[in-house]
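# Commentary on secondary and tertiary structure
One-letter residues, chain by chain:
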Amino acid sequence: MSASTSAPTGVGPKRAIFITGGGSGIGRAIATHFGERGWFVGVADIDEQGMEDTLGLIPGGFKYAHKLDVRDRAAWDVALDAFSTAAGGRIDVVVNNAGIGTGGALAELEVEEIDRCLDVNLKGVLYGSQAAYPHLKKTAPGSAVVHIASAAGIIGGTGMSVYSATKFGVRGIAESLAAEWAPDGIKSCSICPSFIDTPLLDGTGNRNSNEPVRARVQEAGLEITPVEEVAKTAWDAVHGDDLHYLVGKTAKQLNFAKRWMPGRVRKQGRERASLLGK
């Protein structure tokens, strides 16, 4: 499947949102949230079955799927042009959500692991934003690009150097584009979730560990936030004017502590290293 749609082309002025990583987790939650509110929803992923499952959760016929590897710049143009056609010639919002995790001591990571995380999480966001610009300019003012970052983009933790680098970078991209695209009437913002209840928590996040991330998070006494909270925040971000949005108690606490108690944050990070980083 290169693309599938449940609505005819030339459907008219319904607002349209394109979401990468839409085959599961946060992307699926955002897709269903906007679809339930009457938006034309496009999802992109490398997981074809996951996209079909997402479309099955969206009511009505205004939904679309396109297989996309966000590391392929040319494929971005093809995907967005096709979605714009399906949505009646418009794209109002692009959500750069696709991402992967990697964990472990930097000295032990393979070059391929580092490159893949950088390519998907960082270059994929840059490519997606660049490809989205002409589409969003057409529907401005009021159009937006929303970047899914992470609490790991607020504070770097042990065993998270590569992942944190990408998520710090995503926040920087959001800030830069918010200024760069303001004259065009295009909004840019980031969403920083903490630990969200998605399938990613059931992985180890570290090739040297057999213990799921979920177990380590719970052992550390940190909360796991329902994925629907990210979807609600994405809705608020599209309709609001803030630059960075925090989701979950942990993300908010980390942001506060880093600003006002940086020494304490560093100490706690060292204390939690054995639980969350190894």
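Since the structure is predicted, the reported quantities are computational estimates derived from the model, not experimental observations. (Residues numbered from 1 in each chain as written. Predicted model: local features only at pLDDT ≥ 70, side-chain atom pairs only at ≥ 80, totals over all residues. Heavy atoms only, no water.)

## Quick notes on the packing of aromatic side chains
Considering all chains together, one arrives at nine aromatic pairs under this definition. Between F34 and W235, the aromatic rings sit 5.0 Å apart at their centres with planes inclined by 55 degrees, giving tilted as the arrangement. Remark: W235 occurs in helix α7 (residues 228-239) and F34 occurs in helix α1 (residues 25-35); sequence separation between them is 201 residues. If you follow K14 out to its NZ or CZ, it ends over the ring of F62, 4.4 Å from the centre. Lying across the ring of W235, R37 places its NZ or CZ 5.9 Å from the centre. (Phe/Tyr/Trp six-rings, centres within 6.5 Å; stacked < 30°, edge-to-face > 60°. Helix = DSSP H or I, 4+ residues; strand = E, 2+ residues; numbered from the N terminus. Lys NZ or Arg CZ within 6 Å of the ring centre and 35° of its normal.)

## Some thoughts on the pairing of strand β6 (residues 143-148)
Among the six residues of β6, six are classified as buried, and the element is accordingly described as predominantly covered. Neither face of β6 is exposed, since S143, V145 and H147 on one face and A144, V146 and I148 on the opposite face are all buried. As defined by bridge partners, strand β5 (residues 93-96) adjoins β6 across four bridges and the pair is classed as parallel. Across the sheet, residue N96 finds its bridge partner in β6, namely H147. For the segment spanning β5, helix α4 (residues 111-139) and β6, crossover handedness is right-handed. (Buried < 20%, exposed > 50% of the residue type's maximum accessible area, 1.4 Å probe, protein only. Pairing = 2+ DSSP bridges. Right-handed = clockwise from strand over helix to strand, strands pointing away.)

## Remarks on the confidence of the model for the chain
In this model, the chain carries an average pLDDT of 84, and 74% of its residues clear a pLDDT of 70 or more. For residues 214-218, every residue scores under 50 in pLDDT, and the model assigns this stretch 17 contacts once sequence neighbours within four places are set aside. With pLDDT under 50 throughout, residues 273-278 is counted as low confidence; its partners more than four residues away or in other chains account for 17 contacts. (pLDDT = per-residue confidence, 0-100. Contact = heavy atoms within 4.5 Å.)

## A closer look at the side chain of T32
Residue position: T32 is located in helix α1. Under the relative-accessibility criterion, T32 is labelled buried at 13%. Among the polar contacts listed, one links the side chain of T32 to the backbone oxygen of A29, at a separation of 3.0 Å. The residues contacting T32, other than those within four sequence positions of it, are L57 and I58. (Polar contact = N/O pair within 3.5 Å; in protein donor to acceptor, adjacent residues only side chain to side chain.)

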